[in-house]
Each structure stands twice: as structure tokens, then as C-alpha cells.
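Tertiary structure, described
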Amino acid sequence: MKHWPWSRIVLHAVALLLLLWVVLPIYLIALAAFSPRDVVYQYPKPLVPTQFSLETMLFFMRSSGVLDSVRRSVIVALLTLVVSMAVGAPAGYALARYIFPGRDTFRIAIVSTRAFPIVILSIPLAVSFINLGLYDSTISVALMHTALALPFTILVTSSVFASVPVDLEEAAMTLGCSRLGAFWRISLPLTLPGLAAAAIFTFVLSWNEVFAAAILTLRNRTLPAHVLSVLNESPLPFRFAGGFFLLVPALIFMLFIRRYLFNLWGRVVR
Amino acid sequence: MAEIRIDHVWKTFGKVVAVKDVTLTVEDREFVILLGPSGCGKTTLLRCISGLEQVDRGTIFIGGRNVTNLPPRRRGIAMVFQSYAVFPHMTVFDNIAFGLRMKKLPKPEIERRVRDAAALMHIEELLDRYPAQLSGGQRQRVAVARAIAVQSEVLLMDEPLSNLDALLRLEMRAELKRLFTELETTVVYVTHDQVEAMSMGDRIAVMRDGEILQFDTPVRVYDYPADRFIGGFIGNPPMNFLMAEVTDGRVLVHGTAVEVPAPVRSRLQAGPVLVGIRAENIELSPEQDEGAIPARVLVVEPLGSHNLVTASVEADMVKVTTPADMRLRPDQAVWLRFVPEKVRWFDAESGRALPVDYEAVEAAGHVG
């Protein structure tokens, strides 16, 4: 066996520690979510699966308000996805393709909207939404989530479009395409996986967002807002199952779009 | 009929003037090279012709039609890019068919033209492959096939060979030259490689700093450079330049008088003058030669068919070609004699060629 230098051993140890820090809670939540009721209440809890059961998950799904809020969450997330892609993708394309005055400032400004904590933004936003009559509705939450998701949508799509050489669009234009036609026939097919990743990312962002959703709604709550509001008075199985249910889409999609996130960060640093 | 006429075209990017008042006419079916060092504006000029770049001022005509404000697809051009720009999500067949499908040609016609273009570029067996499965040279062939398949009257090429390795480049150079003679299209070809320009073009437009310095046949650009820069840029080795002094109708190169043909004499004014001479037009003698310029051998490079000798005349370096069997060693004293009618004369300050009637010089032959 090769002899490893100390620095490498330390590096791997730290990496392992970080990995455990992220993976362990997820593992424990998943474990409890698929254990029968009595196992969930056991103490100390077993660290390895003893019994597989859907009982806990079904209990969560059948709780009052859960299915409604899931449906609402999906609608909000889809609305967010559609609106933010419709607005964000063209902006991302412009950032990737054109050099215009204030381009770098614009890039920074996009990120800076996320510099303000949502807690600070929420009061004036809530007031605005109430003035507009857009409160306690799926639309209001979707609009709020769009505002939150846009910076990411724009930056991710811009890095996706930047990965297609301008030459390809120009070649298409010399071969009979209009500018739009070149985009449609060349850039769009080539960027579709990346754009899909950006869309999914937006979806997950909205799916997981709890603060704005909790502030803007009272009766028509999305799933995270609903879980949050009933958390204190709900039994342990409900909490585990809810946690797991909220976690899954994010996990799956993060795995899928990892490549594009790295790309995005590489570009911002440059 | 597709003559390209460029009339007083300007193009700037911010404060950088990329194309400066260029006027140029490319004849129908002519093969014109835009040659120059990087950043000279040759690619920008080509992109202005293609319509990928809008000109700031001036007019562009293709086949007598004013295309200045038309998008690329309405200009009747095809273009080959330096990066090849082969569409990665399409097979070779679909790549070549792309322009034909845009023209909405009938299917059998597309099929036939794709096969013809592929046959011309020897890539028939690659039609089902994707670009990722091709080598650089093969992609290059696809890019050319895609451009010739649309049978436009004007073909624009932006450094198409610069990404190929040396051997492949030589092969493609010959092949492209044969292809263009066969196709009878007007070709504008951008390159920074003077060998490519010399060997392929009907005429060469030499550019520097956004301007065309000279537009002439390769032989004339080589023999009669309009500018010191062109003499130094074209030809390997580059033209030798030496400062000379004109006094009392005599021309002294580092103190040695050189022969001046009669038609030149009237163009010279007292003061400094720049003398340009190609390596093959200098006679080198290892024996003392009265009236020749004394020099010292620095380096001898045997090139097989001949030797390339670098000699120093005072502080100036001079490249001379000598017969392969002439034995010289470094530091040896030699004497140089310029072939009088092959000497080119330039303004010492601006570097522009003096308005000498070289035809009269050559007609007069050796005039003592």
C-alpha cells in the first residue's frame, strides 16, 4: 500500500467529517420515516433499520391539511418555475451573449438581491402584497418565490448558454437561419439539459422555501409552511415523515444538477 | 455572377478601429486572401462581408446587390469558421444538409447534394457519425462540405486551416485549392499564414491596423512589396532592409556604393533611403570583390537545396541564399553584391515603396 502524506490524511478526514455532518441526519430521518410507530418512539433509537414499514409515511400523508398543502406546494413551485424561467432564461441568454454597458454591474446586482435576509424584506413585501390584494393565495407565494429564485435562474441559465459557442449560432445564421431560428435550432437543443436543470433547481427552491410562504399565507399554506405551523403540536412520527417528504425532491434534483452548479460557481469566481 | 465590392467600409469596436476605410473589389470567381498579423482587422472585414458584423459606415455589394443592411441569410454567402462550428447534436449528414433544409429543397435534392459535397471532401463514409466521433481534420472537412453544399456564389473562410496540425494543413491546402478551381465560386479567405496566402490566392490583400496596404497577385506582392512591413511579413526569409545614404547621385550602403539603375536614379533624393533586397537576389562571394559590400558570416543553415546564410554588414543582419556546395564557416569575411534590378527602394521614414517604375528597370537590364 502506498504511504499517504499527513496532509492528505487530514484532508480526507475533514472531508469525511463534513460528509457525515450532512448525511447522518438525512439517514436518521429516513430511518425513522420508514420504521413502524413503536420504533419511532423507542429510546435510544436503533441506528440500523430493523423493520421496514410505510405506516409512519402513511400516517403523515393522511393527516388533515397535508394533501391540500402538498397540492398547493406543487402549484406554487410550478408557477415559480414557469415565471422565473420565462423571465430568467432570456436575461441569462443576454448575459451570456452580449457585451452591454453595465453588464458586470448587472451581474452583481442580481446576486445582491439575495444579500438582504428574507426576514428584512418580508414586512414591506407583506404590506405590498396586502395592498395589492394578493395575500393568502398561491399566486402571491409563487410571485415571492419567483423573486427569490430569479438570481439563481439567471446565473445558471447564463452559464448554460455560455457553454454553447457563439460560432455555432453564427454558422446557422450564415446557413439560412434568422437570429431566433439559430437559437431555436442550435442553442436550445444543446442547452435543454442545462435549462431543465435550472428549472428543477427553481422548483426545489420554491418547494423548500418556508419563511415567505409562512408570512404570506394563513389558511392556504404550502407544505413547508403547514408542517412548520403544526410542528409543535404534532407527534414524532409526523415530524420525521414530514421531514423526509420535504427532503426527497431536493436530494434527487441536487444530484441531477450538480454539474451545472459547479459551472455556475466557476464563472462567478472568474 | 458574384463580384464583391467593398466601398469605404469602417468598423469600430468602442475606441478600437478594426476596419479603417477599406475599399476592395473581389472579381467574380476570384480567390482573394486577406492576409495580415493577428488584430489587423482581416477577420472583422470578413465578418462584415458575411453580415455577422454590421458596418459603421460604407457599403458592401455582392453580385451588384447592396447587401449592407441585409442579415447573413439574405446575402447569398456560405462561411467556414476557424473553430469549424460543426453542430454537435447533428450527424455529419444533418450538418451538411442544414443549409439545404433551410432552403426547403426537396428531399431527393438534399440527399444528392449532401452526397456530392461529402464526396468532394472524401467523407462519404462518415455521414452517420456525430462530430464528437470525428478527428479535427474530419470536422474541418464537414465544415467545408456544409458550406459548399448550399452552392452559394460567395464562400467566406476564416482561417480554416489554422487549427490543423502541420502535415494535415499542407494536405488540406492543396485540396482546398483544387476544390475552389473546380467550384468556380468567389472565395474570400482569411489567414495569417503567408505561405498559405502565397500558394493559394489569385490575389492577396495585405492588411495592417485595419487598412489594406497592398492588393495584388502573390508574385507581385512578393516581388514588389508596397511597404517595408509587407516585405518583412511575406516571404521566408523576409526581405532584407538596409539603410543607405544618397549623396551626389551615388547610393552608399555602409560606405560602399551600390549600382543604381537609371529609372531609379531620378526618384532618389539626397539623404537616407531604405534599400530592400530578397535573400536570393544577393550574390555572395568568399573572395574579395572590388565594389561589393564587405560582410561577415554569422550563421550558415544548410537547407538541402541551398544554404541560408546570415551575414552581418556593420550592425545590419542580411540573409543570403547560397548554393548548397559553397562551404562557409562562421566569422568568415565575405562580399555581397545586390542584383541591381532586384533592389527595391523605400522611403526611409514612412517605409512606403518609392514610386519607381520597376518594369522600366527590368527592361533596361543591367545598367552600369
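About the thresholds
Here the residue numbering is sequential within each chain, running from 1 through the sequence in written order. Chains carry letters from A onward and ligands carry numbers from 1 onward, assigned in written order. In view of the model being predicted, local features appear only for residues whose pLDDT reaches at least 70, and side-chain atom pairs are presented and counted only at 80 or more, with totals across whole chains, interfaces and linings using the full set of residues. Working from all heavy atoms in the structure, the side-chain values ignore hydrogens and water. A run of H or I in DSSP becomes a helix once it reaches four residues, and a run of E becomes a strand once it reaches two; helices and strands are each numbered from the N terminus. In this scheme, a residue with accessible area under 20% of its type's maximum is buried, one over 50% is exposed, and one in between is partly exposed, where area comes from a 1.4 Å probe on protein chains only. Contact between two residues is taken to exist if any of their heavy atoms lie within 4.5 Å; hydrogens are not considered. The method behind every accessible area is Shrake-Rupley, applied with a 1.4 Å probe, and residues are considered shielded solely by the protein chains displayed. The positive count covers Lys and Arg only, the negative count covers Asp and Glu only, and His and the chain ends enter neither. Lys charges are placed at NZ, Arg charges at CZ, Asp charges at CG and Glu charges at CD. The term buried area refers to how much accessible surface (probe radius 1.4 Å) is lost by two components on association, counted for both of them together. Between Lys or Arg on one side and Asp or Glu on the other, a salt bridge is scored when a side-chain nitrogen of the former is within 4 Å of a carboxyl oxygen of the latter. Definition of a polar contact: a pair of N or O atoms within 3.5 Å, with one able to donate and the other able to accept a hydrogen when the atoms are protein atoms, and with sequence-neighbouring residues admitted only if both atoms are side-chain atoms. In this classification, the charged set is Asp, Glu, Lys and Arg, the nonpolar set is Ala, Val, Leu, Ile, Met, Phe, Trp, Tyr, Cys and Pro, and all remaining amino acids, among them Gly, are polar. Grouping buried Ala, Val, Leu, Ile, Met, Phe, Trp, Tyr and Cys residues that are joined through side-chain atoms within 4.5 Å yields what is termed a nonpolar core. What marks off one domain from the next here is an automatic or database domain assignment.

Overview of the overall build of chain B
- Check the secondary structure of chain B and you find ten helices and 20 strands.
- Across its three principal directions, the C-alpha atoms of chain B cover 80 × 45 × 40 Å.
- Out of the 368 residues in chain B, the part that is buried amounts to 53%.
- Of all intrachain contacts in chain B linking residues separated by at least 6 positions in sequence, the fraction that spans at least 24 positions is 65%.
- By element, 49% of the accessible surface of chain B is carried by carbon and sulfur atoms, the whole surface being about 16,700 Å².
- Where the 43 positive side-chain charges of chain B centre and where its 50 negative ones centre are 8 Å apart.

A few points about helix α1 (residues 42–50) of chain B
- Burial analysis of α1(B) places eight of its nine residues in the buried class, the great majority of the element.
- Just beyond α1(B), the residue with positive phi is B:G51, at close to 95°.

Some details on the environment of B:L328
Residue and element names in this part refer to chain B.
- By the element assignment, L328 lies in the loop between β18 (316–323) and β19 (333–338).
- For L328, a relative accessible area of 13% corresponds to the buried category.
- Separated by 30 residues in the primary sequence, L328 and L298 place their C-alpha atoms 9.9 Å from one another.
- Setting aside residues up to four positions removed in sequence, L328 forms contacts with L284, P286, V300, V309, T322 and V334.

What to know about the interface of chain B and chain A
- Listed by partner, the interface residues are 19 residues for chain B and 15 residues for chain A.
- The junction of chain B with chain A conceals about 1,600 Å² of combined surface from both sides, 74% of it contributed by carbon and sulfur atoms.
- Considering only the side of chain B, the residues that lose the most area to chain A are B:R73, B:H89 and B:M102, jointly responsible for 33% of the buried surface there.
- Where chain B touches chain A, the interface holds one salt bridge.
- A salt bridge links B:R47 to A:E170; its shortest N-O distance comes to 2.8 Å.
- At the surface where chain B touches chain A, the tally comes to three residue pairs in polar contact (both at pLDDT 80 or more).
- Looking at the side of chain B that touches chain A, the elements that each hand over two or more residues are β6 (77–80) and α2 (92–102) of chain B.
- In terms of residue count, the dominant contributor to the side of chain B that touches chain A is α2(B) (three residues).
- In terms of residue class, the side of chain B that touches chain A is built from 13 nonpolar, three polar and three charged.

Examining the nonpolar core
- Counting 94 residues, the largest nonpolar core has B:F87, B:I96, B:F98, B:I123, B:L176 and B:Y189 as the members making the most contacts within it.
- Apart from residues no more than four positions distant in its own chain, B:F98 is found in contact with A:A172, A:L175, A:C177, A:R185, A:I186, B:F87 and B:M90.
- B:Y224, B:V253, B:I293 and B:W345 belong to the second largest nonpolar core, which has 34 residues in total.

Digging into the domain arrangement of chain B
All names here are of chain B.
- Split by domain assignment, chain B resolves into domain 1 (4–230) and domain 2 (237–364).
- Here the C-alpha centroids of domain 1 and domain 2 sit 38 Å apart.
- Between domain 1 and domain 2, the contact holds nine residues from the first and 13 residues from the second.
- Of the roughly 1,100 Å² buried at the junction of domain 1 and domain 2 (both faces included), carbon and sulfur atoms supply 44%.
- The largest contributions to the domain 1 side of the interface with domain 2 come from Y222, Y224 and R228, which together make up 55% of the buried area.
- Across the domain 1-domain 2 interface, the total number found is one salt bridge.

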